[in-house]
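Geometric and topological summary
The lines below spell out each chain.
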Amino acid sequence: MAQIVCKNLAVGYGNTVIKSNINFKVEKGDYLCIIGENGCGKSTLMKTILGLENAIDGEIVFSDDVKKNEIGYLPQQTQLQRDFPASVSEVVMSGFLNRNGLKPFYTKKQKAEFKNVMTNLNIHELEKRCYRELSGGQQQKVLLARALCATDKILLLDEPVAALDPKASEDFYNLLAQINANGTTVIMISHDVNEAVKYATKILCLNSPCFFGSQKEYFEFIKGGEQNA
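Counting restarts for each chain: residues are numbered from 1 in the order of the written sequence. Owing to the predicted nature of the model, reporting of local features is limited to residues with pLDDT of at least 70; listing and counting of side-chain atom pairs is limited to 80 or more, with chain, interface and lining totals taken over all residues. Side-chain descriptors were evaluated using all non-hydrogen atoms of the structure, hydrogens and water having been removed beforehand.

1. Concerning the overall build of the protein
Definition in use: In this text, helices come from DSSP runs of H or I with a minimum length of four residues, and strands from runs of E with a minimum of two, each type numbered from the N-terminal end. Relative accessibility thresholds used throughout: buried, under 20% of the residue-type maximum; exposed, over 50%; partly exposed, between the two (1.4 Å probe, protein chains only). Any two residues whose heavy atoms approach within 4.5 Å at even a single point are treated as in contact. Under the convention used here, a 1.4 Å probe and the Shrake-Rupley method define accessible areas, while residue burial counts only the protein chains that appear. Neither His nor the chain termini are counted; the positive set is Lys and Arg, and the negative set is Asp and Glu. Where a charge lies is defined by one atom per residue type, namely NZ (Lys), CZ (Arg), CG (Asp) and CD (Glu).
When helices and strands are tallied, the protein shows nine helices and nine strands. Along the three orthogonal principal directions, the C-alpha set of the protein runs to about 55 × 40 × 35 Å. The 229 residues of the protein split such that 45% are buried. By sequence separation, contacts in the protein at least 24 residues apart represent 67% of the contacts at least 6 residues apart. Carbon and sulfur atoms make up 49% of the accessible area of the protein, which amounts to about 12,000 Å² in all. Taking the average place of the 26 positive charges on the side chains of the protein and the average place of its 26 negative ones, the gap between the two points comes to 6 Å.

2. Quick look at the side chain of Thr 185
Within the secondary structure, Thr 185 sits in strand β7 (residues 185-189). For Thr 185, the contacting residues outside a window of four places in its chain are Gln 3, Val 26, Glu 27, Lys 28, Gly 29, Asp 30, Lys 153, Ile 154, Leu 155 and Asn 180.

3. Notes on unusual backbone geometry
Following Ser 208, the chain continues into Pro 209 via a peptide bond in cis, with omega recorded as 0 degrees. Phi at Asn 21 is positive, roughly 55 degrees, even though this residue is not glycine. Assignment of secondary structure puts Asn 21 in strand β2 (residues 16-27). The backbone phi angle of Glu 159 is positive, close to 45 degrees, even though this residue is not glycine.

The analysis is restricted to geometry; functional conclusions fall outside its scope.
Shown next as structure tokens:
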């Protein structure tokens, strides 16, 4: 079942188009990797899916069982965010706020879900630590936990391993693979193409020409391009 369908989508800022004629769909349980050269519109596309930017043309259709407040988002971190003076538990549980609406308190069910997420990501011992005192890899796991508290349906991640060392990157990719194997749809932007596509079931490349298809089809696509070069 398609959770997200993008039809003839054009994305950009104001009236300036960065990328047009984007067509793809995300099925439940997919692991979609979005790749492409710098400036091709990867982050803009993700922000448009989230409703943070308006589509210039075309449309994005969500399935009836996916609401915009049921999408977990892990954006690129700024230095200011890395220095955020809050406890790990405060950061992670803030993931519930979008679902809570006007309710100011967390429910017993949400507190239990928080504990479960922390345990599953093996970061339960960080619960009372200050977020800004953590390593880069630990911070990304905390932000992943926050996104999982927002939803277990779809995760959107914008270059989540960009600032991590190879070991921390591998650990993060393994966590995402486990989460995806448990049924959560993953949509990830990555500059680390060779590593990221190993885990993906589908690839969206926003270079020209644009490509969307399975991992196998992507490798055939780039192989064909090399042969024709």
